[in-house]
Amino acid sequence: MLKVPVCWLLAGLLGFSSWVQADPAAEALWAACPSGLPKSDVQGRPLDWAAWRHKPVLAVIWSPDCAFCQRHNAKLDALLREVPGAAVIGIAVDSPPEAVTRTVQRRGYAFPVIADGSGPCAVQPQLTPRRVIPMTCWLGDAPTQPRCIPGEMSDDDLRELLKAQARSRRHS
């Protein structure tokens, strides 16, 4: 009989549970929100949820006060020019909408950004119980990597994630 230490078994079960999470679509995150889907981002740019309905979207959870988040978002913003048609939404947490808007305008992010709500409108707790930022989450059919990836990602890792998204979008 194979003897496996209990800590390895628990670690394996925890790792497996991150692979079998529900596959939330971007618009499903606001199903319980009384005001429904956000109509625009913090700069007033309209959000086209219908275009994202059956395709994967990358959601980046970040805070304007986080230096790692700023560096991560700058890398992601630059890489979006390399991977046309990528769908990304920034979800800013722990800051009032005005601070988020100022940061987005100062940084010039091309991807839409919303300020996360609270209560039934809060997105972050629906994606992950972890409060690590930045956090990059895949919305849609399960990818080959974990649903949410904590921390600042390298250029190569972000590029591969965007390419995987583009491949998945072509096949949907």
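Because the structure is a prediction, the values reported are computed rather than measured.

A. View of the sheet that holds strand β5 (residues 148–150). In spatial order, the strands read β3-β2-β1-β4-β5; together these 5 strands make up an open sheet with mixed pairing. The open sheet has two free edges, formed respectively by β3 (113–115) and β5, since each of these has just one partner strand. Strand after strand, the sheet turns through a mean of 20° between neighbouring axes, direction not considered. Relative to β5, strand β4 (residues 135–139) runs antiparallel, the two being bridged by 3 bridges. Residue pairing across strands places Cys-137 opposite Cys-148, the latter belonging to β5. Relative to strand β1 (residues 57–62), helix α3 (residues 67–79) is tilted by about 155°, and along the sheet it contacts β1, β2 (88–92) and β4. Against the sheet, helix α4 (residues 97–107) contacts β1, β2 and β3, and its axis sits at roughly 160° relative to β3.

B. Quick peek at the state of the cysteines. This structure, assessed with the given rule, holds 2 disulfides. What pairs with Cys-137 in a disulfide is Cys-148, and their sulfur atoms sit 2.2 Å apart. Residues Cys-137 and Cys-148 are joined through a disulfide that is right-handed, its torsion about the S-S bond being 115°. Placement of the pair is Cys-137 in strand β4 and Cys-148 in strand β5, with a sequence separation of 11 residues. Cys-148 matches Cys-137 in its accessibility class, with the two residues each being buried. By sequence-ordered numbering of the bonded cysteines, the protein chain has its disulfides arranged as 1-2, 3-4.

C. Highlighting the environment of Ala-166. With respect to the secondary-structure elements, Ala-166 resides in helix α6 (residues 155–170). Classification of Ala-166 by relative accessible area gives buried; the value is 17%. Between the alpha carbons of Ala-166 and Pro-56 there is a distance of 8.6 Å; along the sequence they are 110 residues apart.

D. A look at the packing of aromatic side chains. Under the counting rule described, the total for this entry stands at 2 aromatic pairs. Where Trp-62 meets Tyr-109, the ring centres are 5.8 Å apart and the plane angle is 85°; that geometry is what we call edge-to-face. Within this pair, whereas Trp-62 is found in strand β1, its partner Tyr-109 is found in the loop between α4 and β3, the two being separated by 47 residues in sequence. When the centroid spacing of 5.1 Å and the interplanar angle of 15° are considered together, the rings of Tyr-109 and Phe-111 count as stacked. Phe-111 shares its class with Tyr-109; the two are buried. Connected via pairs of aromatic rings, a cluster forms that spans Trp-62, Tyr-109 and Phe-111.

E. Main features of the pairing of β1. Of all 6 residues in β1, 6 are buried, a share of seventy percent or more. On β1, burial covers both faces: Val-57, Ala-59 and Ile-61 on one face and Leu-58, Val-60 and Trp-62 on the other are all buried. Where β1 and β4 come together, 5 bridges link them in antiparallel fashion. Looking across to β4, one finds that Leu-58 is bridged to Trp-138. With 5 bridges connecting them, β1 and β2 associate as parallel partners. Across the sheet, residue Ile-61 finds its bridge partner in β2, namely Ile-91. For the crossover that starts at β1, traverses α3 and ends in the parallel β2, the hand is right-handed.

Analysis parameters
Residues numbered from 1 in each chain as written. Predicted model: local features only at pLDDT ≥ 70, side-chain atom pairs only at ≥ 80, totals over all residues. Heavy atoms only, no water. Pairing = 2+ DSSP bridges. Helix = DSSP H or I, 4+ residues; strand = E, 2+ residues; numbered from the N terminus. Axes fitted to C-alpha atoms, helices over the stretch in contact; angles between N-to-C directions. Contact = heavy atoms within 4.5 Å. Disulfide = S-S within 2.5 Å. Buried < 20%, exposed > 50% of the residue type's maximum accessible area, 1.4 Å probe, protein only. Phe/Tyr/Trp six-rings, centres within 6.5 Å; stacked < 30°, edge-to-face > 60°. Right-handed = clockwise from strand over helix to strand, strands pointing away.

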